[in-house]
Amino acid sequence: MLDINLIRERPDVVRKAMKDRQMDSSPVDEILQLDQKRRALLSEVEKLKAERNAVSKEIGKMKDAAEREKKIVAMREVGDKISTLDNEVAQVDTQLNNVTATIPNIPDKRTPYGKDDSENVVIRTVGEPKKFDFEPKPHWDLGPALGIIDFERGTKITGSRFYVLSGPGARLQRALIAFMLDLHIRQGYTEKYLPFMVKTETVFGAGQLPKFADNLYKDHEEDFYFVPTAEVPLTGLHMNEILNEADLPLRYTAYTPCFRREKMSAGRDVRGIKRGHQFDKVEMYVYSKPEESDAWLEKMREHAEETCTELGLTHRVKQLCTGDIGFGATMTYDIEVWAPGCGEWLEVSSVSNDTDFQARRASIKYRTADKKTRFLHTLNGSGLGLPRTLIAVMENYQQADGSIIVPDALRPWMGGVDVIRP
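Residues numbered from 1 in each chain as written. Predicted model: local features only at pLDDT ≥ 70, side-chain atom pairs only at ≥ 80, totals over all residues. Heavy atoms only, no water.

### Overview of helix 12 (residues 388-396)
Working step 1: Most of helix 12 sits out of view: nine of its nine residues are buried.
Working step 2: For helix 12, the set of buried residues is Arg-388, Thr-389, Leu-390, Ile-391, Ala-392, Val-393, Met-394, Glu-395 and Asn-396. (Buried < 20%, exposed > 50% of the residue type's maximum accessible area, 1.4 Å probe, protein only. Helix = DSSP H or I, 4+ residues; strand = E, 2+ residues; numbered from the N terminus.)

Encoded structure:
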């Protein structure tokens, strides 16, 4: 959430940021009106309370009983006015918070302007797409032929965009998760096993509500949301806490299944397992001092890239433009891997600096050496997301006979299976 002082004092900056994001900036005007109304009400309340306090002192000194009673009655009326105004202030506070919660973070000056994802900037490509002496197959043909992906039973069990991984396919997915967690631990992150359901306050703190309400799965009898990403519970770990400066940065990694309704992607990536309502992901997350967050963004990007390199996957790094950057992010790198069967680049990681946006929403601060408290910065990144990493492994390591060689990095978790054969 943005600081109300920023919106109040520099509304044009916020309006421009929203327009750069291709968003309607009219909520800024609504916030300014509500803020002005709130301050006027508070001023009136303070005057009445000051009057009541002054008269109360007078009443204590008055000897004339009739005059004293007259003042007491008058102060009861003032008290009623104060109660009425307090209720109005509370209502305006709620309206103000609700509208402010819809305002996204301000893009970093280094984030390029662009209308949509077609204007994201490719920074570099690492490696060359693998060349085959045969026509590489897409995973939706490879998987069923090997008996490791079952689309029909996934659809039978649940519906479209669901599938079943079997035998070495399921094990390959599990190997990828274990490999990535162990790699991030070596990179200095502490592993967390998290709840896969969280309460509304946690989802709001991470910036998923109210913006993405339609894409979240919720238990309507309990205050539970299924996590759309481990970023949400990792933000919630230190919600409403004041951390010590000496303990920063805090660096976490976690695996969770992720649940998203994918309403905004209707009609996209309908073939194969590129996009689904349920998928697995390993997350990196950093709580940082503000002055160090830029450096951590670059370090987390390097760590995500290392995951691709260890798996032997050709990848490229994109910087997202203002029209595609996430709601809470100021600057984001996307990492994409080449999938030769699909014939396309697949996004497997987004690494973002959210600055103090989530910290304000979740009330996460740190205490400096001079005992002052400040909002810290949070950063998040996929390291990496599945099933797209699984797709890239299958398609890049396929052989002419339809088999798939297991990458060296994954073999410790494959129980001796070096090649997945028909």
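Read on, since the account is not over.
### As for the pairing of strand 13 (residues 344-353)
Working step 1: Of all ten residues that make up strand 13, seven are buried, and the element is covered over most of its length.
Working step 2: By the bridge criterion, nine bridges tie strand 12 (residues 331-339) to strand 13 in an arrangement that is antiparallel. Following the sheet pairing, Trp-338 is matched in strand 13 by Trp-345.
Working step 3: Counted between consecutive antiparallel strands, the loop separating strand 12 from strand 13 contains four residues, among which Gly-343 sits at a positive phi close to 70°.
Working step 4: With three bridges joining them, strand 13 and strand 16 (residues 377-385) adopt antiparallel strand pairing. Across the sheet, Val-351 pairs through a bridge with Gly-381, a residue of strand 16. (Pairing = 2+ DSSP bridges.)

### Side note on the pattern of salt bridges
Working step 1: A complete count under the given rule lists 25 salt bridges for this structure.
Working step 2: One salt bridge connects Arg-124 with Glu-305, and the closest N-O pair in it is separated by 2.4 Å. Separated by 181 residues along the polypeptide, Arg-124 in strand 1 (residues 121-126) and Glu-305 in helix 10 (residues 293-310) bring together distant segments of the chain.
Working step 3: With a relative accessible area of 31%, Arg-124 lands in the partly exposed category.
Working step 4: Ionic pairing is found between Glu-336 and Arg-316, a salt bridge with its closest N-O pair at 2.7 Å. Taken together, the residues Glu-336 in strand 12 and Arg-316 in strand 11 (residues 315-319) connect sequence positions 20 residues apart. (Salt bridge = Lys/Arg side-chain N within 4 Å of Asp/Glu carboxyl O.)

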